[in-house]
Amino acid sequence: MHPLLSKTAAALVVSALAQSAAHATLFAVDPGPYVPANGSFAAWYQDTHGRTLDLCLSKTTSSRVPSAPGAPSYMCNLLPTPGVFDDAQPVVFPTNFPDEAFWFTADAAIVDAARGIDLGYGSAIEAAFAGGEPIEGDQVSFARIRIRVDVPTAGTYVITHPYGIDVFNVDVPGRRAINMTRDIGIGVPNTFNGALKGDVGPFLRSVNGPYTETNPVTGAAEKFIGDPNLSEAVTGSPFNTNFIRIEGPNGLDIRTTVFAISGMLSTVVRPTPMITQRSTYSRHAGISAPVAQQDVFVMAPPPPATVALTSSSPELSLTEADTTGSWYAQSSTNPTLPSTLQVTADNHMAIAASTPITLPMALTDLVVVSRAEYSLSSGQLTLVASTSDETSPPVLTASSANGTAIGALSGDGAVKTLTTGISPIPPAKVSVTSSNGGSDTEEVVIVQ
């Protein structure tokens, strides 16, 4: 096994107490076919902000940082390996091809000699080979977060980075007392969708980019989201944490806001990424007519992208809550059910090779299970649930997590109940589903 692939989170010399919160990361990957020009890897990955990055194999150099003898200032992270890849020769698979290549990298460092802190951070979407050297059939990809820190004191350290928060208990201080590499996505060779579920994404990008440079081999203009030869401020963190911060014993609190970024923007035409999250309505009695409210939530690229409800009356533009791409809209229209909204996202103002996309969203009521309790002594399951439709309450039906029917809840209003005998094993979870489409699932509380 290539040493690159063996350095996983299991290699920690400290314990990672908390991982990053779940978030939308990458959106799509090239489905193939995979060609030798890309080492038979996926040509591109697309993130949830709509940026699509090609596997960065270009020998284009930076116009901002002059090349040094024997050390070209490449816009891609091309890593020469003696006997495997000579960057001075044409890139040819498999005879002269990098054993490590990248769709994206973001690197940062914090060095404070006075406090004894030396931190290195790296995040990447990486291409490699299961056996180490370039061989057809061995191609793998993964999303990587790497944190290595020299610390002078034992204790708890909290490291906040663009893709989450990691907490470490250090028992033995010193060089690389914190040493974590988390690779997600390595699976069956020639299958590249595992990295979509990693921690990396959306792609960080320089606030000064994109940069356009001329490829010295083809003469074509190429665009890059950053220059890996520079350390610059970035944007794109899904948590708005566009920095590295380390907190620790004795009031330690240091941060950096600059990163070295690599990534070549693809010219492939892709639909605007959009993830539909929720479209629900509520209504209650008013003085002369029901008072209604519709709430719509989607994830899509942040402005200058636009998101609109094209089937609402009147049509609504969604309001983006922050730079993470969270969009929300509200309407006071009293819906006629069943109703399906059409939501359109368009990101062509930010990404020229982006096309609009329209997705349907079924409008449903909002169901909330407020009580799910099982008594061991009586064998009775008690459920209390409510619907957001107070004027025309729909039927609410309960089932177990495996889909076994439990029964209908009763009650004339929006709040409905069910008490029924279940034995000998209580369900771990119950789901309550409305005849108007809403649902909620809760874990069952066990009492004596």
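Since the model is a prediction, treat every value here as computed from it, not as a measurement.

Engineer: Just checking my understanding: could you explain the overall build of the protein for this structure?
Structural biologist: When helices and strands are counted, the protein shows one helix and 36 strands. Taking the principal axes of its C-alpha atoms as reference, the protein extends roughly 80 × 55 × 45 Å. The buried share among the 448 residues of the protein stands at 50%. Considering only intrachain contacts with a sequence separation of at least 6, the fraction spanning at least 24 residues in the protein is 65%. Carbon together with sulfur atoms contributes 55% to the accessible area of the protein, which is approximately 19,700 Å² in total.

Engineer: Explain the environment of threonine 324 here, please?
Structural biologist: Residue placement: threonine 324 occurs in the loop between β24 (319-320) and β25 (326-331). C-alpha of threonine 324 to C-alpha of glutamate 443: the two residues are 119 residues apart in sequence and 30 Å apart in space. Other than its neighbours up to four places away in sequence, threonine 324 contacts His49, Ser237, Pro238, Phe239, Asn240 and Met299.

Engineer: Sorry, what's going on with the pattern of salt bridges here?
Structural biologist: Close approach of charged atoms allows side chains with opposite charge to pair. Applying the stated criterion across every chain, the model contains 11 salt bridges. Aspartate 112 is the salt-bridge partner of arginine 115, the closest N and O atoms lying 3.9 Å from each other. Arginine 182 is the salt-bridge partner of aspartate 199, the closest N and O atoms lying 2.6 Å from each other. Note that aspartate 199 is positioned in the loop between β10 (174-184) and β11 (205-206) and arginine 182 in strand β10, a separation of 17 residues in sequence. Both residues of the pair, aspartate 199 and arginine 182, count as buried. Taken together, the shared-partner salt bridges in this structure form one network comprising Arg64, Glu213 and Asp227.

Engineer: How do you make sense of the state of the cysteines when you look at a structure like this?
Structural biologist: Working definition: the covalent bond between the sulfur atoms of two cysteines is a disulfide. A complete count under the given rule lists one disulfide for this structure. Disulfide pairing is shown between cysteine 56 and cysteine 76; the S-S distance is 2.0 Å. In this structure the cystine formed by cysteine 56 and cysteine 76 twists about its S-S bond by roughly -70°; its chirality is therefore left-handed. Placement of the pair is cysteine 56 in the loop between β4 (52-54) and β5 (100-112) and cysteine 76 in the loop between β4 and β5, with a sequence separation of 20 residues. An identical accessibility class is assigned to cysteine 56 and cysteine 76; each is buried.

Engineer: Would you mind going over the side chain of threonine 324 with me for this structure?
Structural biologist: Its relative accessible area of 11% is what places threonine 324 among the buried residues. Polar side-chain contacts of threonine 324 include one of 3.3 Å to the side chain of serine 326.

Engineer: Just to check I follow, could you spell out the environment of glycine 116 for this structure?
Structural biologist: Relative to the helices and strands, glycine 116 resides in the loop between β5 and β6 (117-129). In the structure, glycine 116 is positioned 269 residues away from alanine 385 in sequence and 56 Å away in space, judged by C-alpha atoms. Among residues more than four places away in sequence, those in contact with glycine 116 are Asp150, Val151 and Pro152.

Engineer: Explain the packing of aromatic side chains to me, please; I cannot follow it from the model alone.
Structural biologist: Two descriptors summarise a pair of aromatic rings, namely the distance from one centre to the other and the angle between the planes of the rings. Taken as a whole and assessed by the stated rule, the structure comprises 12 aromatic pairs. Their ring planes at 85° and their centres at 6.3 Å tell us that phenylalanine 97 and phenylalanine 129 sit as a pair that is edge-to-face. Taken as a pair, phenylalanine 97 in the loop between β4 and β5 and phenylalanine 129 in strand β6 lie far apart in primary sequence, 32 residues in all. Among the residues examined, phenylalanine 97 registers a relative accessible area of 1% and is labelled buried. Taking relative accessible area as the criterion, phenylalanine 129 reaches 0% and is therefore assigned buried. Note on tyrosine 121 and phenylalanine 259: the rings are 6.4 Å apart at their centroids and 80° apart in plane angle, and the pair reads as edge-to-face. Residue tyrosine 121 is found in strand β6, and its partner phenylalanine 259 is found in strand β17 (residues 258-262); the two are separated by 138 residues along the sequence. Residue tyrosine 121 is classed as buried on the basis of its relative accessible area of 5%. Here the aromatic cluster, defined as three or more aromatic residues joined through ring pairs, consists of Tyr34, Phe41, Tyr45, Phe93, Phe97, Trp103, Phe129 and Phe192. Positioned over the ring face of tyrosine 211 is arginine 64, at 3.8 Å from the centre of the ring.

Engineer: Explanation requested: the sheet that holds strand β28 (residues 357-365) in the structure shown.
Structural biologist: Within the open sheet, the eight strands sit side by side as β23-β22-β26-β28-β20-β21-β25-β24. Their pairing is mixed. Only two strands of the sheet have a single neighbouring strand rather than two, namely β23 (316-317) and β24. Here strand β22 (residues 306-309) pairs with strand β26 (residues 339-346) via four bridges, running antiparallel. Across the sheet, the residue bridging to leucine 309 is valine 343, located in β26.

Engineer: Would you take a moment to explain the pairing of strand β12 (residues 211-214) for this structure?
Structural biologist: Each regular strand carries side chains that alternate between the two faces of the sheet. The alternating pattern of β12 places Tyr211 and Glu213 on a buried face, while none of Thr212 and Thr214, on the opposite face, is buried. The loop that links β12 with its antiparallel partner strand β13 (residues 221-224) comprises six residues; one of these, glycine 219, has a positive phi angle of about 80°.

Conventions and cut-offs
Residues numbered from 1 in each chain as written. Predicted model: local features only at pLDDT ≥ 70, side-chain atom pairs only at ≥ 80, totals over all residues. Heavy atoms only, no water. Helix = DSSP H or I, 4+ residues; strand = E, 2+ residues; numbered from the N terminus. Buried < 20%, exposed > 50% of the residue type's maximum accessible area, 1.4 Å probe, protein only. Contact = heavy atoms within 4.5 Å. Areas by Shrake-Rupley, 256 points an atom, 1.4 Å probe, with all protein chains shown as cover. Salt bridge = Lys/Arg side-chain N within 4 Å of Asp/Glu carboxyl O. Disulfide = S-S within 2.5 Å. Polar contact = N/O pair within 3.5 Å; in protein donor to acceptor, adjacent residues only side chain to side chain. Phe/Tyr/Trp six-rings, centres within 6.5 Å; stacked < 30°, edge-to-face > 60°. Lys NZ or Arg CZ within 6 Å of the ring centre and 35° of its normal. Pairing = 2+ DSSP bridges.

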